[in-house]
Amino acid sequence: MTNLRAKTMLTEKDKLLEKTIALLEYAPIMEQVALCAMSEEAAALLRDERPLCDPAQLAEMKGAVSAILARLNSGDNEPRAALPSIGFLFSRLDVEGASLDLDEVYAIALFIERGGEIRNWLASDEVAPGAAIHTPGALATFLSELPDCAAIGAEIFKVIDREGNIRDLPQLRAIRRRIQSLGADLEAAISRYAAGEESRRMLQSPVPSQRDGRTVLAVKANFRGRIRGIVHEVSATGQTVFVEPEEVVEKNNDILIEKRNLNAEILKLLRELTGRIAANSDSLKQFHLTMIKLERLRAKARYSRDTKGHFAQETSAGGLVLKQARHPLLAKAVPIDLEMDGNTRTLIITGPNTGGKTVALKTVGLFALMNQSGLALPADEGGLLPVFDGVYADIGDEQSIGQSLSTFSAHITNIAAITANATEHSLALLDELGSGTDPEEGSAIAMAILDHLIEKKSRLIVTTHHGILKNYGYTRQGVENASVEFDVRTLSPTYRIINGIPGESRALDIAGRNGLPAGIVARARTYLDKERSDVSALIRGLKEKHRELDEAAQKSIAGEMKLREDRRRSDLKELRLRQKEAELKAGVMGKLRLLLDESRKTLENLVREVREGELDREKTRKVKEFLSGLARAVEDENAALDEENRAIAEERRRMESAVGDKSAHNGTASGASKKSGRSGAPVLAPGVEVFAGENRRRGTIFRLDKKTPAGTFWIVEIGSLKISFPEQDLIPAAPAAAATSAGWAADLAAPAAAPFEINLLGMRLEEALDALRRQIDAAVLSGLKEFSVVHGKGDGILQKGVHEYLKNDPAIGDYYFSRPELGGFGRTEVILR
C-alpha cells in the first residue's frame, strides 16, 4: 500500500487492494477527513491518499497527528482561515517575464501569511517569524522543513492592501487624480442635459448610462436629431437611442486614455512583483509543499477529535485488539469487542444471519486502513493493531453477468487473487467462506483455503455457516472459534462477539420471525438429523454456561464491592469512637493541667508561708517531690494521649487510602482503563496542599513552625490565615479541582435567533450596513459566535463597505474571505469576540 494513489498502470496486487478499499468503504472516510481540511489542495490529496505500510513512516505520521491533536485539545486559538490554492501558479512563475494577476498575487500573500500563523500555532505561542523550532517529536520534523517566506509576503503587501486591492502608490496617485478630475468635468457636462427643462423631456431617463466604457444619454427616438452626437446603441423596442453628445466625446476619450495608462502602470507593478516572487520560487515551493503536508495532518487530527477516537498501538507480540469499536459510517453502530493474541492467527466467527458478523469483519478491515492512514479510531483506549503490508477482503455478492461469473465463481476468483498475494504480514477478511455451492464441497474448499493461508502465516478473520468449520477451529493450532451472541428470548442478535465458542446459524428461528409459516418451520425441524441436533444442543449449553459464568463473575464483583464498603463503614465507625474517646481524654487532661497549675501555686504559697515559720528543709523537699511526681504523672498521661492521637491520624490516613483504592477498583470493574493517579502519599514540605485539623480544612504548607520541635508542627496557610498544626493532624491532598463558577440566573425572554448567513446582494450600501448591524446585534444576544456575509464581488462597493464596518466594530474578533468552493472573495466569514 502506498501513501498516494498511483497514476500509472496498476499491478494485480494494486487492483486487489483498490477493490478491498472500495469494499471496506475507505473512500467515504477520507472524504470526511478532506472536509476537515482548510485547503482545497490538501483535501484533494487526502481523497487520493492510500494507507501506509512502512512502520517507521506510519509511526512518524501518527506521532505528528497526535501532537496536533494535543494542540487542538489544549484550547488554544487555532488558525481557521482557508489556505488559497496556489500550486498551479508555480509553472507560470518558471516562465521568464510572466505576470500574475492581482488575485493570484494576493492568494500567494495570503497563503504565506496564514501558513505562518499555522506554523507558529503548532510550534509554540512565542515563536517569532524565522525563529528556530523547538517542538519535540515527529511534528518538529515537518516544521523544520518550512522555510521563512515572510519577506516575500511583506514585499507583496507593500503593493497590495489586506483587502486585495492595489495600494495608492505615488506612481498611480497622479493618474487616479486626473481620472477623478475628468470624471467630474464629464458629470458636470452630462448633468446639464438633465437640468434643462427643454433637454430633460428629450431623455428617457435623467440618469446617464455606460456603453463600452463611455458615458451616454438615453434619448427618446423621436428626439434623436435634437441632440447631436454619436449613436452607440438602440433599444430592442426602438424607443430609446443611446447617444454620446459631441461635447462629452473628448472627455470620454481622455478618461479612457487615462484608465489605459492606469492599467498599464498596474500591469507593470504586477510584472515587477511577479519577478521578485519568481526569484524566491524555490523557497516558496518548499513552503507550499510542507504546508499542504501539515494541513493534511491537521485535517486528520480534527477528524480524530470530532470522532472522539483513540490511536491504536502496535506491539511486538503482534496482537489484534479492538475495544468498543464503532463503525464510523453507521449512524447507530453497536460497539464491538474483538481480540486475537499473538498466537492466534485465524479467527472463525459463526452465528445467525443479521447477527453482525459482516459488520464486524468490515469494522476490523476499515480500522486497519484508518490506522495505517494516521487516524485515531472511534473506539476505547487500549486498541492494538499490527501494520499490515496488505489488507484483502472478500465480502458480499459479486455475481457478474457481464463476465459470466456466478456468486461462487466471483468469490473463488477473488479468493484466488488473495491467496496469491497474501504474506505473513497481510490481513485477509473472508465473508461466508465456502458458500454458494454444495455445502460439503464448499466446506472442503474452505478448509483447504484456510490451510494454505495458515501455512503462509497470514492473519485471517473468517465468517461462515458451515458446521464443519467450527470443528476445524478446535483442531488447528493458532485457530480460534468465536460467535456473535443471539438472545433466544427475543430471537434477536446482541452483536456481542464471544471468543472460544462457535455459534449457531439460527436459520429456523429467524425464518419464523420473518414470516415463514409455523408449519413449514416445524417440518424443517424434523429434517434436522439427531447428530446435528446434539451438536446444536452442545453449543447452546456452552453458551448458557458462558452466560452463567459471566453473571456469576459480575455478582462476585458486586459482592466484593459491598463487603469492602461494609468493612470501610465499620472501620470508620470504630475510628469515630476512638476520636470521641481521645476528645474525652483531652478534656480530662485539660482539667488535670488546670488542677496542677492551681495546686502548684497553692503549694508554693504554702511552702513560702512554712519557710517563714518553723518548717524544716526535709519537709520542704518532700513537698517538692510530691509536686514533681504529680507533674510527671500528668506528663505521662499527656504523652499517652499524644500517642493515641498519632495512632488515630495514621488510621485515618489508612482509611482514606482504602477509599481511594476502592474508587480505583470500581473504575476497573466498570471497564475503565484509567490508572490511579496516586503513587504514594506526598512528603510534607512547603507548598504541599493538605487537609488540616479535625475539620479537614484545605490549605497549603507555609513552613515549619520554628517555635516547636523540628518536624513536629507546621504552619499552614488557609485563606488569609496562617495556623500552626501538629504533623499528625495534616493529611496530604490531591491538587484542588477547578471550582465551577456560579452565576446569577435570570428569567429573560430569549432573543431572536440570528441566522448563520445573511445575503446583502441587491442592497444599497446603507441598507446593507444596517442589515449587518442588526445581524451582529442578534448574534451577540443569541450567543452565535460565527456567521457568513454574502456580498458578492461586482464593483467591490459592498465588499469594501462591509469589511470597513467589520474592521471598526468592537464586537468583531476576526473576519476573512470564505474558501473558494463556498464563495471566495464574494463571501466573508465573521467571528465575534
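Residues numbered from 1 in each chain as written. Predicted model: local features only at pLDDT ≥ 70, side-chain atom pairs only at ≥ 80, totals over all residues. Heavy atoms only, no water.

Visitor: Mind showing me how you'd approach helix 4 (residues 55–73) here?
Guide: Because each turn of an α-helix spans 3.6 residues, side chains separated by three or four positions end up pointing in the same direction. Compared with an ideal rise of 1.5 Å per residue, which puts 19 residues at 27 Å, helix 4 spans 26 Å between its outermost C-alpha atoms and is within 8% of the ideal. Of the positions making up helix 4, those classed as buried are Leu58, Met61, Lys62, Ala64, Val65, Ile68, Leu69, Arg71 and Leu72. Tucked inside the fold, the buried residues of helix 4 contact helix 6 (102–123), helix 7 (138–144), helix 12 (281–306) and helix 13 (357–371). The N-cap residue of helix 4 is aspartate 54: its side-chain oxygen and the backbone nitrogen of alanine 56 are 3.1 Å apart. After helix 4 finishes, the residue glycine 75 shows a positive phi value of roughly 85°. (Helix = DSSP H or I, 4+ residues; strand = E, 2+ residues; numbered from the N terminus. Expected span 1.5 Å × (residues − 1). Buried < 20%, exposed > 50% of the residue type's maximum accessible area, 1.4 Å probe, protein only. Contact = heavy atoms within 4.5 Å. Polar contact = N/O pair within 3.5 Å; in protein donor to acceptor, adjacent residues only side chain to side chain.)

Visitor: Is there a simple way to think about the sheet that holds strand 17 (residues 730–732) in this case?
Guide: Two orientations exist for strands paired in a sheet by backbone hydrogen bonds: parallel and antiparallel. The 5 strands lie next to each other as 16-15-14-13-17, forming an open sheet whose pairing is antiparallel. The open sheet terminates on both sides in strands that have one partner only, identified here as strand 16 (721–726) and strand 17. If you compare each strand with its neighbour and ignore which way they point, the axes differ by 45° on average. (Pairing = 2+ DSSP bridges. Axes fitted to C-alpha atoms, helices over the stretch in contact; angles between N-to-C directions.)

Visitor: Sorry if this is basic, but what is going on with the sheet that holds strand 1 (residues 209–211) here?
Guide: Within the open sheet, the 4 strands sit side by side as 1-2-4-3. Their pairing is antiparallel. If you trace the sheet from one side to the other, it starts and ends with strand 1 and strand 3 (229–234), each paired once. Taking the axes of each pair of neighbouring strands and ignoring which way they run, one obtains an average angle of 45° across the sheet. In this sheet, strand 4 (residues 240–245) lies alongside strand 2 (residues 214–220) in antiparallel orientation, the contact comprising 4 bridges. Within strand 4, the residue paired with lysine 220 across the bridge is threonine 240. Against the sheet, helix 11 (residues 246–279) touches strand 2, strand 3 and strand 4, its axis set at about 75° to strand 4.

Visitor: Sorry, what's going on with the side chain of glutamate 244 here?
Guide: Within the element layout of this structure, glutamate 244 appears in strand 4. For glutamate 244, a relative accessible area of 1% puts it in the buried group. Those residues in contact with glutamate 244 that lie beyond four places of it in its chain are Arg214, Thr215, Val216, Arg228, Gly229, Ile230, His232, Val249 and Asn252.

Visitor: Would you explain empty space enclosed by the protein in this entry?
Guide: Rolled over the atoms, a probe as big as a water molecule pinpoints where empty space is left. What the rule picks out here adds up to 2 cavities of 30 Å³ or more. Each pocket or cavity is described by its volume, and for the largest cavity that value is around 60 Å³. Looking at the largest cavity, the residues that line it are Asp394, Phe408, His411, Ile412, Ile415, Asp431, Glu432, Leu433, Gly434, Ser435 and Ile445. Per-element accounting of the lining of the largest cavity gives the leading share, 4 residues, to helix 14 (residues 407–421). Its residues assigned to classes, the lining of the largest cavity shows 5 nonpolar, 3 polar and 3 charged. Looking at the second largest cavity, its volume works out to about 50 Å³. Taken together, His310, Phe311, Ala312, Val321, Leu322, Leu377, Ala379, Asp380, Glu381, Gly382 and Gly383 form the lining of the second largest cavity. A class-by-class count of the residues in the lining of the second largest cavity yields 6 nonpolar, 3 polar and 2 charged. (1 Å grid on protein atoms, 1.4 Å probe; cavity = no way out; pocket = protein on both sides within 12 Å on 5 of 7 lines; lining within 4 Å. Points joined across faces, edges and corners; volume = space filled by probe spheres on them. Nonpolar A, V, L, I, M, F, W, Y, C, P; charged D, E, K, R; others polar.)

Visitor: Would you explain the pairing of strand 14 (residues 697–704) in this entry?
Guide: Where a strand is regular, its side chains alternate between the two sheet faces. Bridge analysis of strand 13 (residues 689–692) against strand 14 gives 4 bridges, and the strand direction is antiparallel. Each residue of the ladder has a partner; that of valine 690, found in strand 14, is glycine 699. In the sheet, strand 14 pairs with strand 15 (residues 713–718) via 4 bridges, with the strands oriented antiparallel. Looking at the pairing, threonine 700 lines up with glutamate 717 of strand 15.

Visitor: What's the story with a negative patch on the surface in this structure? I'm lost.
Guide: On the surface, Asp337, Glu339, Asp341, Asp380 and Glu381 cluster together to form a negatively charged patch. Tracing the backbone shows aspartate 380 in the loop between helix 13 and strand 8 (390–394). For aspartate 380, a relative accessible area of 37% puts it in the partly exposed group. (Patch = residues over 30% accessible without salt bridge, like charges linked within 9 Å, V, L, I, M, F, W, Y side chains within 5 Å. Areas by Shrake-Rupley, 256 points an atom, 1.4 Å probe, with all protein chains shown as cover. Salt bridge = Lys/Arg side-chain N within 4 Å of Asp/Glu carboxyl O. Lys, Arg positive; Asp, Glu negative; His and termini not counted. Charge placed at Lys NZ, Arg CZ, Asp CG, Glu CD.)

Visitor: In this structure, what is going on with the layout of surface pockets? I would like to understand it.
Guide: Approximately 640 Å³ is the volume attributed to the second largest pocket. As for the second largest pocket, its lining consists of 21 residues, of which Ala81, Glu117, Asp814, Tyr815 and Tyr816 are closest to the centre. Elements with a contribution of two residues or more to the lining of the second largest pocket: helix 6 and strand 20 (812–817). A breakdown of the residues in the lining of the second largest pocket according to their chemical character gives 9 nonpolar, 3 polar and 9 charged.

Visitor: I'm lost on the packing of helix 21 (residues 765–782) against helix 22 (residues 797–808) in this one. Help?
Guide: A pair of packed helices is captured by two measures, namely the crossing angle of their axes and the spacing between those axes. Taken N-terminus to C-terminus, the directions of helix 21 and helix 22 make an angle of 40°; their axes are 10 Å apart at the nearest point. Taken as axis vectors, helix 21 and helix 22 run oblique relative to one another. Crossing angle aside, the handedness with which helix 21 passes helix 22 is right-handed. Counting all contacts with helix 21, which are made through Leu765, Ala768, Leu769, Leu772, Arg773 and Ile776, the residues of helix 22 involved are Ile797, Leu798, Gly801, Val802, Tyr805 and Leu806. Among the residues forming the contact of helix 21 with helix 22, the class breakdown is 10 nonpolar, 1 polar and 1 charged. (Parallel < 35°, antiparallel > 145°, perpendicular 65-115°, else oblique. Left-handed = near helix turned anticlockwise from the far one by under 90°.)

Visitor: Which parts of the structure should I look at to understand the packing of aromatic side chains?
Guide: Inspection of the entire model under this criterion finds 3 aromatic pairs. Pairing tyrosine 106 with phenylalanine 825 gives two aromatic rings, centres 5.8 Å apart and planes at 35°, and the pair type is tilted. One end of the pair, tyrosine 106, is in helix 6; the other, phenylalanine 825, is in the loop between strand 20 and strand 21 (827–832), and 719 residues separate them in sequence. Taking the relative accessible area as the measure of exposure, tyrosine 106 reaches 4% and is therefore buried. Note on phenylalanine 825: relative accessible area 24%, which makes it partly exposed. Of note, arginine 162 hangs over the ring of phenylalanine 157, and the distance from its end group to the ring centre comes to 3.9 Å. Lysine 722 extends its terminal NZ or CZ atom over the ring of phenylalanine 702, reaching a point 4.9 Å from the ring centre. (Phe/Tyr/Trp six-rings, centres within 6.5 Å; stacked < 30°, edge-to-face > 60°. Lys NZ or Arg CZ within 6 Å of the ring centre and 35° of its normal.)

On their own, these measurements won't tell you what the molecule is for.
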